[in-house]
Amino acid sequence: MPRAAPLHDTKPLLLVDIDGVLSIFGFTQSQHPPGRFLTVDGIVHFISAQAGAQLRELSEDFELRWCSGWEEKANDYLPAVLGLPGPLPFISFERGPSHAGSHWKLAAIEQATAPQRPLAWIDDGFDERCDAWAAGRRSPTLLVATDPAEGLLEHHAVALRRWARALSR
Ligand SMILES: [Mg+2]
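Residues numbered from 1 in each chain as written. Predicted model: local features only at pLDDT ≥ 70, side-chain atom pairs only at ≥ 80, totals over all residues. Heavy atoms only, no water.

Student: So what exactly am I meant to see when it comes to the overall build of the protein here?
Tutor: Scanning the protein for helices and strands turns up five helices and six strands. Ordered by position in the sequence, the α and β elements of the protein form the string β-β-β-α-β-α-α-β-α-β-α. For the protein, the C-alpha atoms occupy an extent of roughly 50 × 45 × 25 Å along the three principal directions. Looking at the protein as a whole, 44% of its 169 residues qualify as buried. Of the contacts made within the protein by residues no fewer than 6 positions apart, 62% connect residues no fewer than 24 positions apart. Carbon and sulfur atoms form 53% of the exposed surface of the protein, whose accessible area is close to 9100 Å². (Helix = DSSP H or I, 4+ residues; strand = E, 2+ residues; numbered from the N terminus. Buried < 20%, exposed > 50% of the residue type's maximum accessible area, 1.4 Å probe, protein only. Contact = heavy atoms within 4.5 Å. Areas by Shrake-Rupley, 256 points an atom, 1.4 Å probe, with all protein chains shown as cover.)

Structure representation (structure tokens):
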């Protein structure tokens, strides 16, 4: 029997960090991967072309949401640079030392996402508090860690897609 086409809002969320995932750093300057330099507020970023291509493909299986200190600024630059449809929704973070021992992104993610919504999160800055949070969510949750010198690579995208497709079975 044919499966019903998945509805847009039934796709899992993919929370997308930017620095260390799309904007990569720490690689050898003379051997940088394909991509382009982008200046944002006087800071030079290197946007990985490969990461952009992987993220475009992932947008078929996920609803993308920026999860980065770039916040809304991501939409001023990245959809155009990466060839993504945009603007994308973004998570806002409280400024200041109000995280009381928690990873700085977790409170805002909790507030911005429904507990029953399956969620994947790709980031280069996870710690054990993120693992504990993911393990405690009531719906499927996947954390995918990147190396900031390489960013989002094909093997990350393969793992994410496999996870998303297994959910809809
Ligand atoms: Mg990062």
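Student: Sorry, what's going on with the coordination of the magnesium ion here?
Tutor: Around a metal, the perfect tetrahedron of four donors has angles of 109.5 degrees, and the perfect octahedron of six donors has angles of 90 or 180 degrees. The coordination sphere of the magnesium ion contains the protein donors Asp17 (OD), Asp19 (O) and Asp124 (OD), at a distance range of 2.1 Å. The sequence motif formed by the donor residues of the magnesium ion is D-x1-D-x104-D. When its relative accessible area of 27% is taken as the criterion, Asp19 is described as partly exposed. (Donors = N, O, S within 2.8 Å, 3.2 Å for Na, K, Ca; no water.)

Student: What am I meant to see in unusual backbone geometry here?
Tutor: Of note, the amide linkage connecting Gly86 to Pro87 takes the cis form, showing an omega dihedral of 0 degrees. Mapping Pro87 onto the fold places it in the loop between helix H2 (73-82) and helix H3 (106-112). Positive phi is not limited to glycine here, since Asp41 has a value of about 50 degrees. Residue placement: Asp41 occurs in the loop between strand S2 (35-40) and strand S3 (43-48). On the basis of relative accessible area, Asp41 is assigned to the exposed category, the value being 55%.

Student: Could you clarify how one ought to interpret the pattern of salt bridges in this entry?
Tutor: Side chains that differ in charge, positive against negative, can pair when their charged atoms come close. Within this structure, the stated rule accounts for eight salt bridges. Between Asp41 and Lys73 there is a salt bridge; the shortest N-O distance is 2.4 Å. With Asp41 in the loop between S2 and S3 and Lys73 in helix H2, this pair connects stretches of sequence that are 32 residues apart. Where Glu63 meets Arg117, a salt bridge forms, and the shortest distance between an N and an O atom there is 2.9 Å. Separated by 54 residues along the polypeptide, Glu63 in strand S4 (residues 63-66) and Arg117 in the loop between H3 and strand S5 (119-123) bring together distant segments of the chain. Judged by its relative accessible area of 17%, Arg117 falls in the buried class. When salt bridges with common partners are traced through the structure, they connect Asp17, Lys105 and Asp123 into a single cluster. (Salt bridge = Lys/Arg side-chain N within 4 Å of Asp/Glu carboxyl O.)

Student: Any chance you could explain helix H5 (residues 154-167) here in plain terms?
Tutor: A turn of α-helix holds 3.6 residues, and therefore any two residues three or four places apart point the same way. Compared with an ideal rise of 1.5 Å per residue, which puts 14 residues at 20 Å, H5 spans 20 Å between its outermost C-alpha atoms and is within 8% of the ideal. Listing the buried residues of H5 in full gives His156, Ala157, Leu160, Arg161, Trp163 and Ala164. In a view along the axis of H5, the buried residues occupy a sector of 160 degrees, so they form one face of it. Seen from the buried face of H5, the exposed residues on the opposite side, beyond 90 degrees, are His155 and Arg162. Summarising the contacts, the buried residues of H5 are in contact with strand S1 (13-16), helix H1 (49-58), S5 and strand S6 (141-145). (Expected span 1.5 Å × (residues − 1). Arc of directions from axis to C-beta.)

Student: Teacher, can you tell me more about the nonpolar core here?
Tutor: With 28 residues, the main nonpolar core has Leu14, Leu22, Leu55, Phe62, Trp66 and Leu78 as its most contacted residues. Put simply, the parts of the chain that give this core at least two residues each are S1, S2, H1, S4, H2, S5 and H5. Among the elements that make up this core, the one with the highest residue count is H5 (four residues). When neighbours within four sequence positions are excluded, Leu78 is seen to be in contact with Ile18, Leu22, Leu38, Ile47, Trp66, Trp70 and Gly83. Grouped together as the second largest cluster of nonpolar side chains are 13 residues, Ala108, Trp133, Ala134 and Leu143 included. (Core = buried A, V, L, I, M, F, W, Y, C linked by side-chain atoms within 4.5 Å.)

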